[in-house]
Amino acid sequence: MMTPGRSLRSFTARGALCAGALLVAVTASAWAQDVQLDPRWEAWLGCWGPVDAQLRAPGGAAVVSRVCVVPAATTSGVDVLAIADERIVARDRIEATGERRPAARGNCAGWEQAEWSRGGRRVYLRAEYLCAGGRTRSSNGLMAISSTGEWLDVSGVGVDDSTTGLRVVRYKEGVVASTLPDEIRSALRDFGPAADMA
């Protein structure tokens, strides 16, 4: 049988535990809302069209007409969105913190890493995945804005220990069309010229 003193202590302990959990949740939520875009990303914000390459969405079904770079929610990084037929067909998050982040692509699981160059003008990308059949897939890449304002995206891919391909894509900045998904237009609305709407 529980005595009144024991019941009060139990109630007080549960109350303190609930209050502590609520404080942690509120603090974490406030911190997540305070995370701001790293200003080095501002040159990339907006929508870009490939200059001299035809890009395909994952699976190869749709031709990507443009790529839009928007601030990522709750991080200082960006989401790179591939657009085909005015729909988002692929999404990649880039957080240039230098830390490895767990990642998965198809039947492969591993990590991705991005970090700024010392001068903050380039982003270096690395990834490694272990795929079905025990094969290792790796990639190294570089993103930079050229002196002419083009976005250069260079990536090399390897399987096991051999290089299997190199891709170089140049993008030219375009406008954020009013026909694009609201998610893109609203994410770019507060970023000046990168958010010019057509």
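Just so it is clear, the structure is predicted and the values come from calculations on it, not from any experiment. All chains use their own residue numbering, which begins from 1 and follows the written sequence. Residue-level local features of this predicted model are given only where pLDDT is at least 70; pairs of side-chain atoms are given and counted only at 80 or more, and the full residue set underlies all totals for whole chains, interfaces and linings. Each side-chain value is worked out from all heavy atoms of the structure, with water and hydrogens disregarded.

Colleague: Mind showing me how you'd approach the sheet that holds strand β4 (residues 66-71) here?
Modeller: Within a beta sheet, neighbouring strands are joined by backbone hydrogen bonds and run either parallel or antiparallel to one another. We treat two strands as partners when DSSP finds at least two bridges between them. Secondary structure counts use DSSP, requiring at least four H or I residues in a row for a helix and at least two E residues in a row for a strand, with both numbered from the N terminus. Strand order in the open sheet formed by 10 strands is β6-β5-β4-β1-β12-β11-β10-β9-β8-β7, with antiparallel pairing between adjacent strands. The open sheet has two edge strands, β6 (87-94) and β7 (101-105), and neither has a second partner. For this sheet the average axis-to-axis angle between neighbouring strands, irrespective of direction, equals 25°. Inspection of the sheet shows strand β11 (residues 151-159) paired to strand β12 (residues 162-173) by nine bridges, in the antiparallel sense. Residue pairing for β12: D153 is matched across the bridge by V169. Each axis is a line fitted through C-alpha atoms, and for a helix only the stretch in contact is used; angles between axes span 0 to 180 degrees, taken between their N-to-C directions.

Colleague: What is the right way to look at the confidence of the model for the chain in this model?
Modeller: Do not read the predicted coordinates in detail wherever pLDDT is low. For every residue, the predictor states its confidence as a pLDDT score lying anywhere from 0 to 100. Per-chain confidence: the chain averages 79 in pLDDT, with 74% of residues scoring 70 or above. The model gives residues 6-32 a pLDDT under 50, and that stretch makes two contacts with residues more than four places away or in other chains. By definition in these notes, contact holds between two residues if any of their heavy atoms fall within 4.5 Å. Counted against residues more than four places away or in other chains, residues 193-198, with its pLDDT under 50, gives 16 contacts.

Colleague: Can you help me understand the packing of aromatic side chains in this one?
Modeller: Any pair of Phe, Tyr and Trp rings, taking the six-membered ring for Trp, is counted once the centres come within 6.5 Å. Such a pair is stacked with planes under 30 degrees apart, edge-to-face with planes over 60 apart, and tilted for the rest. Applying the stated criterion across every chain, the model contains five aromatic pairs. Of the aromatic side chains, those joined through ring pairs into one cluster are W41, W44 and W116. Charge over a ring is defined by NZ of Lys or CZ of Arg lying within 6 Å of the ring centre and within 35 degrees of the ring normal. The side chain of R100 reaches across the aromatic face of W111, ending 3.8 Å from its centre.

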